[in-house]
Amino acid sequence: MPQSGVPGTSGSPETPIFPLSRRELRAQREAAEARADATVNIPVRIPDAVAVAETKALDLEKASIAARSNRLNPVAPPRVAPAVSRPVPRSRRRRPMKIAVTLLAIPGLFLTAGLPAYAFAPGASDTASTTSRVADTQGVTVDSGAAAITVARDGFTATTSDELAQRDAEAKRALAAQQTAEAARSAATDFAVYSVRAKGDDYPWFDRATDTQGGGLSPLGYYYRECVDFVAYRLNRDAGSTGSPWTWTWSKLTPSGGNASNWASAWADQGWATGDTPVVGAVAWFNYNHVAYVQSVNSDGSVILEEYNWNGSHAYNTRTVSASEVPLFLYPPT
């Protein structure tokens, strides 16, 4: 096979070496590569020895061309960074503080990684989206069509000062009623003398003129021979006062009025005990403007009353009635 002037091959004198331009060198290199490709692709069966020789000749030609190119355009050798000698690290000392910090930091990293994803959503919108939201951690599905939950601001009201005053008044009335009931039970025990006291007309002004007859007021402040004056005298007698100075007069017993209808309210105003249990020495109060004195209490529950001006007679009278017929018993004042 003919050779193309490659140095060191037979059949062609050695090509003289002279400087070539870059363009010529590039052209020669491309021509050599083209010839090499054409030689390799020739569809002719070449013996193995001949193919090896052909390959060697091509390699020599490429080497010659590369050598001439290097002489014309020398390439600076690659710069190699100087080796930097690194000091051998000394053995590290394990410090107790670093170990403690490490032991605390590692569990914290695991705990942080274990927190649910929704814990790291500070910018999440407070408004509901138009799509369904599923809370994976609890398995609760909130439908987008569900009605929004609203809180009525007027659903909770504060107690006003008037309501507080009303509650306070009710509490005071309940306490007063409880105290009155306790006082009634105490009075019923203290004055429950189930025996007959002095019976008879011991009223000292039995012969005085009545109000309709032109008479005046007794020393107790009530009109003569009225029911209220007779009962007021009996309360003084039981208190040990049968003359001046009197223990109980109109100004102390019923300062709001002298009629019998005022006696129950007078007892309540002064905090005196009342009740529905008959007691000897108590006042039997009737809501038809009449009072009487309880003289005795019978075993069957009936009571014997002493009174003046029963049925407008302006005289002494006694009668027995059932305890249930008396609306209220006014226990002796204290």
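Residues numbered from 1 in each chain as written. Predicted model: local features only at pLDDT ≥ 70, side-chain atom pairs only at ≥ 80, totals over all residues. Heavy atoms only, no water.

Our focus in this paragraph is the pattern of salt bridges. Scanning the entire structure with this criterion turns up 6 salt bridges. Notably, a salt bridge pairs arginine 237 with aspartate 202, separated by 2.8 Å at the nearest N-O pair. With arginine 237 in helix H5 (residues 227-238) and aspartate 202 in the loop between helix H4 (161-190) and H5, this residue pair connects regions lying 35 residues apart in the sequence. Taking relative accessible area as the criterion, aspartate 202 reaches 27% and is therefore assigned partly exposed. The salt bridge involving glutamate 306 is made with arginine 234; its shortest N-O contact spans 2.5 Å. Of this pair, glutamate 306 sits in strand E6 (residues 302-308) while arginine 234 sits in helix H5; the two residues are 72 residues apart in sequence, bridging distant segments of the chain. (Salt bridge = Lys/Arg side-chain N within 4 Å of Asp/Glu carboxyl O. Helix = DSSP H or I, 4+ residues; strand = E, 2+ residues; numbered from the N terminus. Buried < 20%, exposed > 50% of the residue type's maximum accessible area, 1.4 Å probe, protein only.)

Two faces belong to every sheet, and in a regular strand the side chains alternate between them. In terms of burial, strand E5 (residues 290-297) is largely enclosed, as 8 of its 8 residues are buried. As defined by bridge partners, strand E4 (residues 283-286) adjoins E5 across 4 bridges and the pair is classed as antiparallel. Paired with alanine 284 across the strands is alanine 292, a residue of E5. Connecting the antiparallel pair E4 and E5 is a turn made up of 3 residues, with asparagine 289 showing a positive phi of about 65 degrees. By the bridge criterion, 4 bridges tie E5 to E6 in an arrangement that is antiparallel. What sits directly across from valine 294, in E6, is leucine 305. Linking E5 back to E6 in an antiparallel pair, the connection comprises 4 residues, with glycine 301 at a positive phi of about 95 degrees. (Pairing = 2+ DSSP bridges.)

Here we come to H5. In this model, H5 (12 residues) spans 17 Å end to end at C-alpha, consistent with the 16 Å of a helix rising 1.5 Å per residue. Burial within H5 is extensive, with 11 of its 12 residues counted as buried. Within H5 the residues assigned to the buried category are Cys227, Val228, Asp229, Phe230, Val231, Ala232, Tyr233, Arg234, Leu235, Asn236 and Arg237. Contacts from the buried residues of H5 go to helix H6 (250-253), helix H7 (263-269), E4, E5, E6 and strand E7 (316-322). Where H5 ends, the next residue or the one after it, glycine 240, has phi of about 90 degrees, a positive value. (Expected span 1.5 Å × (residues − 1). Contact = heavy atoms within 4.5 Å.)

With that settled, consider the packing of aromatic side chains. Taken as a whole and judged by the stated rule, the model has 16 aromatic pairs. Arranged with centres 5.6 Å apart and planes meeting at 75 degrees, the rings of tryptophan 248 and tryptophan 272 form a pair that is edge-to-face. Of this pair, tryptophan 248 sits in the loop between H5 and H6 while tryptophan 272 sits in the loop between H7 and strand E3 (274-275), placing them 24 residues apart in sequence. Tryptophan 272 matches tryptophan 248 in its accessibility class, with the two residues each being buried. Here phenylalanine 286 and tyrosine 288 contribute two aromatic rings whose centre-to-centre distance is 5.2 Å and whose plane-to-plane angle is 25 degrees, an arrangement assigned as stacked. Judged by its relative accessible area of 4%, phenylalanine 286 is buried. (Phe/Tyr/Trp six-rings, centres within 6.5 Å; stacked < 30°, edge-to-face > 60°.)

Here the focus is unusual backbone geometry. Of the consecutive residues serine 244 and proline 245, the connecting peptide bond is found in the cis state with omega at 0 degrees. Of note, proline 245 is situated in the loop between H5 and H6. Of note, the phi angle at asparagine 289 is positive, near 65 degrees, even though the residue is not glycine. As for its placement among the helices and strands, asparagine 289 is situated in the loop between E4 and E5. The class of asparagine 289 is partly exposed, set by a relative accessible area of 39%. Although it is not a glycine, histidine 314 adopts a positive phi angle of roughly 55 degrees. Inspection of the secondary structure assignment puts histidine 314 in the loop between E6 and E7.

So, about the environment of cysteine 227. Topologically, cysteine 227 is positioned in helix H5. A C-alpha to C-alpha distance of 9.3 Å links cysteine 227 and asparagine 259, two positions 32 residues apart in sequence. Beyond its immediate chain neighbours, meaning those up to four positions away, cysteine 227 contacts Ala260, His290, Val291, Tyr308 and Asn309.

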